[in-house]
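# Architecture and fold: a report
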Amino acid sequence: MNSATVAETLRQVIEGMDFAPAKRLVNIKADLACEKREGFPYSIATNIWHCDYWNRLWLTRLKGEKRPAKNIWAEDWQEPGEQDWKEVKERFLANLDAAFAIASAKPFEHAMKSDDDAIKVLNQIAVHTAYHVGQVALLKRALKAKSA
């Protein structure tokens, strides 16, 4: 795999291809984003917070920034309130765009030990994000079915 390949994967997650674009999937009112549907362990807001949390940690490695010193596991799976939703979704989209920018840059620049290491981390971002974007699509269907 090369940086162009992972850039294309990230582009498909961002813009959609066989599924809705990430931006459209998170375009939902705060009250619905924060609602925990029966039978589902997390809300849309929690899924997006979690996904972005890990994307931010991976981006710090790619950029050569220091990871937080605190227990990263204790920070995972936050439940944002309605007042936080706009910031959560905007940060998620901005960090996804940042990963795409790194993957598609010519020359391919990063702070990892090798291009292969950087591509592996970018691939983690793409796959992890696609997984959670799929969950968001399912949760949106469940919320829509509830209101019908």
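About the thresholds
Residues numbered from 1 in each chain as written. Predicted model: local features only at pLDDT ≥ 70, side-chain atom pairs only at ≥ 80, totals over all residues. Heavy atoms only, no water. Phe/Tyr/Trp six-rings, centres within 6.5 Å; stacked < 30°, edge-to-face > 60°. Buried < 20%, exposed > 50% of the residue type's maximum accessible area, 1.4 Å probe, protein only. Helix = DSSP H or I, 4+ residues; strand = E, 2+ residues; numbered from the N terminus. Lys NZ or Arg CZ within 6 Å of the ring centre and 35° of its normal.

### A short note on the packing of aromatic side chains
Evaluated as defined, the whole model comprises four aromatic pairs. With a centroid separation of 5.7 Å and an interplanar angle of 85°, the aromatic rings of Tyr 53 and Trp 54 are classed as edge-to-face. The pair formed by Tyr 53 and Trp 54 is uniform in burial state, with each residue classed as buried. Ring centres of Trp 54 and Trp 58 lie 6.0 Å apart, and the angle between their planes is 45°; on these two criteria the pair is classed as tilted. Placement of both Trp 54 and Trp 58 in helix H4 (residues 44-63) is noted, with a separation of four residues, approximately one turn of the helix. Neither residue differs from the other here; Trp 54 and Trp 58 are each classed as buried. Through a chain of ring-to-ring contacts, the aromatic side chains of Trp 49, Tyr 53, Trp 54 and Trp 58 assemble into a single cluster. Taking NZ or CZ as reference, Arg 56 lies 5.4 Å from the ring centre of Trp 49, over its face.

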